[in-house]
Amino acid sequence: NSQTLTEPYLDANTGETIISIAEPVRENGRFVGVALFDVSLKGLAESANAVNFSNAGHVFVMTEAGTIIAHPNAEFNGKNLNDYIANLSVTEQLQQVEQSGKEYTLKLAKVAGENWYVGILVDEKIVYANIDSLRSTTIVFSLIALGLTMVVLYFVINRLMHPLGRLNAAIE
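Throughout, a residue's number is its position along its own chain's written sequence, starting from 1. Per-residue local features of the predicted model are confined to residues with pLDDT of at least 70, and side-chain atom pairs are confined, for both listing and counting, to 80 or more; whole-chain, interface and lining totals are unaffected and use all residues. Just so you know, side-chain values use all the structure's heavy atoms and leave hydrogens and water out.

Visitor: Is there a simple way to explain the overall build of the chain in this structure?
Guide: Only DSSP runs of H or I reaching four residues or more are called helices, and only runs of E reaching two or more are called strands; each is numbered from the N terminus. What the chain contains, in helices and strands, is three helices and nine strands. Each radius of gyration reported is based on C-alpha atoms, and the globular scaling rule is 2.2 Å times the count of residues to the power 0.38. Taken against the 2.2 N^0.38 rule, which gives 16 Å for 172 residues, the C-alpha radius of gyration of the chain at 32 Å runs more than 25% over that of a compact globule. Categorising residues by exposure relies on relative accessible area from a 1.4 Å probe, with only protein chains included: less than 20% of the type maximum marks a residue as buried, more than 50% marks it as exposed, and the intermediate range marks it as partly exposed. Going through the 172 residues of the chain one by one, you find that 26% of them count as buried. Note on contacts: a residue pair qualifies if any of its non-hydrogen atoms lie within 4.5 Å across the two residues. Restricting the contact set of the chain to residue pairs at least 6 apart, pairs at least 24 apart contribute 31%.

What follows is the structure, given as structure tokens:
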């Protein structure tokens, strides 16, 4: 009685990921057939693959059921998320995952009005490398500043205490 969209699947003829849309056809309120057409998701895949994280990660699109719609590695298109990353749950919370011996952070975001998610997978080592470097630099500069402050305070205190030393000598 209403429009129906299929889950994405691989088209047998083209090998592209597509969805089928079926719409009932009525004549004078009476059902007479179905209009059915396929829509390629190739453009969506190309858009997702165009996102560049400087080799630190990538974007993919998947259904709520876990079917991958668009992935930089086309062999995953049409497959289940667990074929790509084992034992993963579909949730919008940050997840730490391991793949090929590397640690990754995964974030899934639901697409408004669809049962689809956009996933961002980033290599923690690459992403956090700048943060680790910044932390180390901050610690070094903090220690240098602390050392300089102690030297300056030593001279200031000696200068301030000098008159007290003369006063003490005069009293003795």
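Visitor: Can you walk me through the environment of R159 in this structure?
Guide: Following the sequence through the fold, R159 ends up in helix 3 (residues 124-171). The exposed category is assigned to R159, whose relative accessible area is 68%. Each C-alpha atom of the pair R159 and V111 lies 68 Å from the other, and the pair is 48 residues apart in sequence.

Visitor: How do you make sense of the side chain of H58 when you look at a structure like this?
Guide: For H58, the location among the structural elements is in strand 5 (residues 57-63). Here a polar contact is recorded for every N or O atom pair within 3.5 Å, except that within protein the pair must consist of a potential hydrogen donor and a potential acceptor, and residues adjacent in sequence are included only if both atoms are side-chain atoms. In this structure the side chain of H58 is engaged in a polar contact, spanning 3.5 Å, whose partner is the side chain of H71.

Visitor: Would you mind going over helix 3 with me for this structure?
Guide: What sets the pattern is the α-helix's 3.6 residues per turn: residues three or four places apart point alike. Helix length check: helix 3, at 48 residues, gives a terminal C-alpha distance of 68 Å against a target of 70 Å (1.5 Å per residue), a fit within 8%. Maximum bend of helix 3: about 35°, positioned at M161, with proline P163 one to four residues after it. Sitting at the amino-terminal end of helix 3 is D123, which places a side-chain oxygen 3.0 Å from the backbone nitrogen of K125. Each residue after the first adds 1.5 Å to the expected span of a helix. Bending is quantified residue by residue as the angle between axes fitted to the seven-residue window ending at that residue and the seven-residue window starting at it.

Visitor: I would appreciate a short explanation of the packing of aromatic side chains in the present structure.
Guide: The description of two aromatic rings rests on the distance between their centres and on the angle between their planes. Think of it this way: a Phe, Tyr or Trp ring, Trp meaning its six-membered ring, pairs with another when their centres are within 6.5 Å, and the plane angle makes it stacked under 30 degrees, edge-to-face over 60, tilted otherwise. Within the structure shown, the criterion is met by one aromatic pair. The interplanar angle of 75° and the centroid separation of 5.4 Å between the aromatic rings of Y154 and F155 together place this pair among those described as edge-to-face. A residue is classified by how much of its surface remains accessible, and F155, at 55% relative accessible area, is exposed.

Visitor: Any chance you could explain the pairing of strand 9 (residues 116-123) here in plain terms?
Guide: Extensive coverage of strand 9 is indicated by the burial of six of its eight residues. Only strands joined by at least two bridges in the DSSP assignment are considered to pair. Here strand 5 pairs with strand 9 via seven bridges, running antiparallel. In the strand pairing of strand 9, V61 is matched with V118. Across seven bridges, the pairing between strand 8 (residues 102-110) and strand 9 is antiparallel. Residue Y104 lies in a different strand from strand 9, and its bridge partner there is D123. Here strand 8 folds back onto strand 9, and the loop between the two strands holds five residues, one of which, G113, carries a positive phi near 80°.

It is worth stressing that arrangement in space is one thing and function is another; only the former is reported here.
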